[in-house]
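Letter by letter, the chains look like this.
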Number of protein chains: 4
Amino acid sequence: MQSHCTSGGWQFGNVIDGTQADYVRVLHADSSLYHYPTPEVDERALLMISDILPTAYECGVLNGNVRPGGSVAIVGSGPIGLSAVLTASLFSPSKVIVLDLDPNRLEVAKRFGATHIVESGPDAAKQVMEITGGRGVDTAIEAVGVPATFEFCEEIIAPGGTIANIGVHGAKADLHLEKLWDRNITITTRLVDTVTTPTLIQLLASGRLNVKDLTTHTFKFADMEKAYQVFGAAAENKALKVVIDHERYHAYDM
Amino acid sequence: MQSHCTSGGWQFGNVIDGTQADYVRVLHADSSLYHYPTPEVDERALLMISDILPTAYECGVLNGNVRPGGSVAIVGSGPIGLSAVLTASLFSPSKVIVLDLDPNRLEVAKRFGATHIVESGPDAAKQVMEITGGRGVDTAIEAVGVPATFEFCEEIIAPGGTIANIGVHGAKADLHLEKLWDRNITITTRLVDTVTTPTLIQLLASGRLNVKDLTTHTFKFADMEKAYQVFGAAAENKALKVVIDHERYHAYDM
Amino acid sequence: MQSHCTSGGWQFGNVIDGTQADYVRVLHADSSLYHYPTPEVDERALLMISDILPTAYECGVLNGNVRPGGSVAIVGSGPIGLSAVLTASLFSPSKVIVLDLDPNRLEVAKRFGATHIVESGPDAAKQVMEITGGRGVDTAIEAVGVPATFEFCEEIIAPGGTIANIGVHGAKADLHLEKLWDRNITITTRLVDTVTTPTLIQLLASGRLNVKDLTTHTFKFADMEKAYQVFGAAAENKALKVVIDHERYHAYDM
Amino acid sequence: MQSHCTSGGWQFGNVIDGTQADYVRVLHADSSLYHYPTPEVDERALLMISDILPTAYECGVLNGNVRPGGSVAIVGSGPIGLSAVLTASLFSPSKVIVLDLDPNRLEVAKRFGATHIVESGPDAAKQVMEITGGRGVDTAIEAVGVPATFEFCEEIIAPGGTIANIGVHGAKADLHLEKLWDRNITITTRLVDTVTTPTLIQLLASGRLNVKDLTTHTFKFADMEKAYQVFGAAAENKALKVVIDHERYHAYDM
């Protein structure tokens, strides 16, 4: 459980700022760097496995026990939710239901492999129950991070199912034990451990996992300010992930 | 998951009343009755595996992933909590910490195998943290069924740990996702499936599991009213399980 | 483990002959029949889950612990081997290597999803090692049933890997413990339990599993003799599974 | 799987000789040394977890899937076999059957927790079948390392059971697939990974695991030659593990 090492764990972007720099000192580099196969894996694809793919895969899909033939609801269709759609598909569930407030994002989810999309709203739970023949879903993945979406997962989970939390929460949620105590459900939380990095590299190298649609915009290093503006209005710009291409790095590298 | 069969599941004492009768029709008897080995297993010991032992073992110990060398806190020292102490010991945890409001019950827990006892109160969480070297417990078993005891489990659970709920809850609890979202914890609920009945019979037959101390009182069938009075004031009478001995049944049996 | 029930288990085609009849009495029908969804699932697809698909999936893929990104070798490219190719793909392995003596069958394996094919022969093991970067495979599925193919699996298994036997064997094989004792490998055998029948029905209904290419020939009931001739020379006729269509059954059904 | 690191794994006593020296350079010390709690754990007990206990526990008990209420046969009653008896008991099996050629060793096994002992010989398999009501054992642990004892495990394994190999083998064994292909069994091999070292330290510290009977003789450093003589005739001297006490080390340590 590398995420909870007493020395180590999540450092960059968490307890260490400033890694958009020419040089970065990597702590515990011996055990946190990986070789990647060239030319099979594109450098930009690797960006996706530095954070959103292992987060969605470990905290959502593996913790959520996604199985062949099962049903999965993914609440939230941002980059993490879409990464959950991509990586849930590795286990061939029968139904992948994506929920979001934004119809545009739901359309994107379909392109990533959602079998059903549902607009969040008063009758969203009813729709999920209909899609699953009244049973509810085997796996509910929370990819937003507010109490309402977590509590929604409690409403749609089938007996024996798993609610896998990915969202970063700032407030408590209501856990309706008066309804759930006898439902044989599992709830999991997780800070990504990145233990699946070798697996994800293999999946990229073999073409089993295609992440290029996660990158919607690419900017040159000199245009970094503009990149931030675009990402700052992500919904308006239909931006998922924004790549900044550091030419200088390539020059040094060669 | 027999507890959630669309036809079947928990019937007696739940959806069917009146089984304290001379004859009872058992539904789905083909798949819910077991042979038991005589004389290895005492009839009274078998009473314990009709409910409290499989409940504690499946919902608490198995769901809670009790492991050799691990630490377990059991919140609540009634018959179910004590059954959790007994069956947790099957996996040789290093620490079995039992919590309750009643010092008498805690003394009983010690006899059942608790390595540490803690009186519930304002500094109970602090005591559990001290016992576990500041880490918290690997498994927290909730055996009461009120919001306060469930929320207490959230306070003492170690990163990577499991909160296994046994309690029958009538109200929601606060789930402190703002503290737990990155702690890699698991929460489980379960209605007992009785899938471990054959295992428990084997454990009784081999003497690995000794349940005789769970029975504190025995009454004749004619004294049933008195039995209910004693059990109605269980704390005062230091009653755990009360057995009613039906002589007539034995007569018929022979 | 239904395959080893003391009463029940594999009956038709094993201990009971003669089921190509107008009526068949099904033993233990309560627990061995399933509803199937119409019109989502084609009746002919269901034929495949009466035997070869659950056999390949349970004994080969599940026992073999096929994982996303992993490498799988399937030794034997008959109907069972091809079913293993189909169902291994449900877990998105990076490499699915199929081995057989017959180049025609290997071409068929490619259509079913093999990423690599290798003709059995003196340097087959060397080829598998090259494909896997010298490591060997994470899963080796034996789908032939002779000592030579089982022993071949021992040669190509990576440290930590699993050899999952599907083949029906009539003779002992050499287990090279002098090479394998310290390799952390697992070997499994299994008589299919059909516990995955509900899963397979869901996969067929959702279109995640496409089995129509397993049927190469269809005959009318009146032409049953011809069907047996074709299947008797399966390699020559490039026959995989041969379906006999019982019109009378349909008539009764309506 | 640390035992198969491309750099690292089992070094001392395997690829590096000469560690009975005043000073030893430990490779990869960062990830292979552990703190131990004093005074809870005796230094001599720790000696046992440098090799025989994790070997028996990981390769035999964990790989063998020993479960509460299950039956275990341990073939070989040397120090490794006895360590398997001790650590199997952590999971509370109903039956722990130990087999050996030497009646003295079998008596020792009883003291370590064997519930049944069987002298190896022509009718040993028959005896094991009788002890298990004709079913065979759920777990068979091979702790000798010759073909005959491995093949014996094949004879006594129950459907669904696991043969966990610990022995270091120098020759192939016969794998009777003609009998085992449909028995749903698992066979495992393993080079100890020492991943359970922290667990074993916790078990020693809490008193759940008592290993002092594994040490039968203690010699001063000056008498090392004598220690080797005693251990060289282990059976005759009823020697299990022989400790050499290096006073000088203690002097330096303080």
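Residues numbered from 1 in each chain as written. Chains lettered and ligands numbered in written order. Predicted model: local features only at pLDDT ≥ 70, side-chain atom pairs only at ≥ 80, totals over all residues. Heavy atoms only, no water.

Identification of chain A as Alcohol dehydrogenase-like C-terminal domain-containing protein from Bondarzewia mesenterica is taken from an unreviewed UniProt entry. The UniProt entry for chain A carries the following comment under Sequence similarities (unreviewed entry): "Belongs to the zinc-containing alcohol dehydrogenase family." (UniProt positions renumbered as here; feature names shortened; annotations may be inferred.)

**Q** Before we go on, may I ask you to explain the side chain of Arg190 of chain A in this structure?
**A** Tracing the backbone shows Arg190 of chain A in the loop between strand 7 (186–188) and helix 8 (197–206). On the accessibility criterion, Arg190 of chain A (13% relative accessible area) is buried. Looking at Arg190 of chain A, its side chain comes within polar contact range of the side chain of Asn63 of chain A, at 3.0 Å. Excluding anything up to four places from it in sequence, Arg190 of chain A contacts Glu58, Cys59, Asn63, Asn165 and Val195 of chain A together with Trp181, Asp182 and Asn184 of chain B. (Helix = DSSP H or I, 4+ residues; strand = E, 2+ residues; numbered from the N terminus. Buried < 20%, exposed > 50% of the residue type's maximum accessible area, 1.4 Å probe, protein only. Polar contact = N/O pair within 3.5 Å; in protein donor to acceptor, adjacent residues only side chain to side chain. Contact = heavy atoms within 4.5 Å.)

**Q** Is there a simple way to think about the pattern of salt bridges in this case?
**A** A side chain with one charge can pair with a side chain of the opposite charge if their charged atoms come near. A full pass over the atoms with the stated rule returns 20 salt bridges over all chains. The shortest N-O distance in the salt bridge between Lys172 of chain D and Asp174 of chain C comes to 3.3 Å. Of this pair, Lys172 of chain D sits in the loop between strand 5 (157–165) and strand 6 (173–175) while Asp174 of chain C sits in strand 6 (residues 173–175), each in a different chain. For Lys172 of chain D, a relative accessible area of 37% puts it in the partly exposed group. The salt bridge partner of Arg190 of chain C is Asp193 of chain C, with a shortest N-O separation of 3.1 Å. (Salt bridge = Lys/Arg side-chain N within 4 Å of Asp/Glu carboxyl O.)

**Q** Is there a simple way to explain the sheet that holds strand 5 (residues 157–165) of chain B in this structure?
**A** Two modes of strand pairing occur in sheets, parallel and antiparallel, and in both the strands are linked by backbone hydrogen bonds. Read from one edge to the other, the open sheet built from twelve strands follows the order 3(A)-2(A)-1(A)-4(A)-5(A)-7(A)-7(B)-5(B)-4(B)-1(B)-2(B)-3(B), with strand pairing classed as mixed. Only two strands of the sheet have a single neighbouring strand rather than two, namely strand 3 (116–119) of chain A together with strand 3 (116–119) of chain B. Sheet twist, expressed as the average angle between the axes of neighbouring strands with direction ignored, equals 15 degrees. Sheet topology note: the strand 1 (residues 71–75) of chain A/strand 2 (residues 95–100) of chain A ladder contains five bridges and is parallel. Note that in strand 2 of chain A the partner of Ser71 of chain A across the bridge is Lys95 of chain A. Those strands touched by helix 2 (residues 52–62) of chain A are strand 4 (137–142), strand 5 (157–165) and strand 7 of chain A, and its axis lies near 155 degrees from that of strand 5 of chain A. The strands touched by helix 6 (residues 147–156) of chain A are strand 1, strand 2, strand 4, strand 5 and strand 7 of chain A; relative to strand 5 of chain A, the strand with the most contacts, the crossing angle is about 160 degrees. (Pairing = 2+ DSSP bridges. Axes fitted to C-alpha atoms, helices over the stretch in contact; angles between N-to-C directions.)

**Q** Any chance you could explain the relation of the copies chain B and chain A here in plain terms?
**A** Here two copies of a chain appear, and what relates them is a rotation about an axis with a shift along it. The two copies are related by a screw operation: chain B maps onto chain A through 180 degrees of rotation and 0.0 Å of translation along the axis, at an RMSD of 0.0 Å. The two molecules are tied by a two-fold rotation axis, judged by turn and shift. The overlap is high: 100% of the interface residues of chain B also sit at the interface in chain A, so the same surface is used on both sides. (Least-squares fit on C-alpha atoms with pLDDT ≥ 70 in both.)

**Q** Help me understand helix 9 (residues 224–232) of chain A, please; the structure alone is not making it clear to me.
**A** Owing to its 3.6 residues per turn, the α-helix brings residues three or four apart onto one side. All names here are of chain A. Buried within helix 9 are the following residues: Met224, Ala227 and Val230. Along helix 9, the residues classed as buried sweep out an arc of 115 degrees about the axis, all on the same side. The exposed residues of helix 9 that point more than 90 degrees off its buried face are Glu225, Gln229 and Gly232. The inward-facing, buried residues of helix 9 abut strand 8 (215–220), helix 10 (234–237) and strand 9 (241–245). (Arc of directions from axis to C-beta.)

**Q** It is not clear to me how the pairing of strand 3 of chain A should be interpreted in this structure. Could you clarify?
**A** Successive side chains on a regular strand alternate, one facing one side of the sheet and the next facing the other. Residues and elements named next belong to chain A. For strand 2 and strand 3, the ladder comprises four bridges, and the chain directions are parallel. Bridging from a neighbouring strand, Leu99 pairs with Val118 of strand 3. The parallel pair strand 2 and strand 3 is bridged by helix 4 (residues 103–112), and the resulting crossover is right-handed. (Right-handed = clockwise from strand over helix to strand, strands pointing away.)

**Q** Is there a simple way to think about the interface of chain D and chain B in this case?
**A** Interface size is commonly expressed as the accessible area that is lost once the parts come together. Between chain D and chain B, the residue contacts involve 17 residues of the former and 17 residues of the latter. Interface area for chain D against chain B, summed over the two sides, is near 1400 Å², with a carbon-plus-sulfur share of 47%. Per-residue buried area on chain D facing chain B is highest for Pro68, Ser92 and Arg208 of chain D; these three make up 37% of the total on that side. Along the contact surface separating chain D from chain B lie zero salt bridges. The interface formed by chain D and chain B holds eight residue pairs in polar contact (both at pLDDT 80 or more) in total. Top element by residues in the side of chain D that touches chain B is helix 8 (residues 197–206) of chain D. It accounts for four residues. Among the residues forming the side of chain D that touches chain B, the class breakdown is seven nonpolar, eight polar and two charged. (Buried area = accessible area lost by both parts, 1.4 Å probe. Nonpolar A, V, L, I, M, F, W, Y, C, P; charged D, E, K, R; others polar.)

**Q** Looking at this model, I keep getting lost on the domain arrangement of chain A. Mind explaining?
**A** Along its sequence, chain A is carved into domain 1 (1–33) and domain 2 (52–189). For domain 1 of chain A and domain 2 of chain A, the distance between their C-alpha centres works out to 30 Å. (Domains from an automatic or database assignment.)

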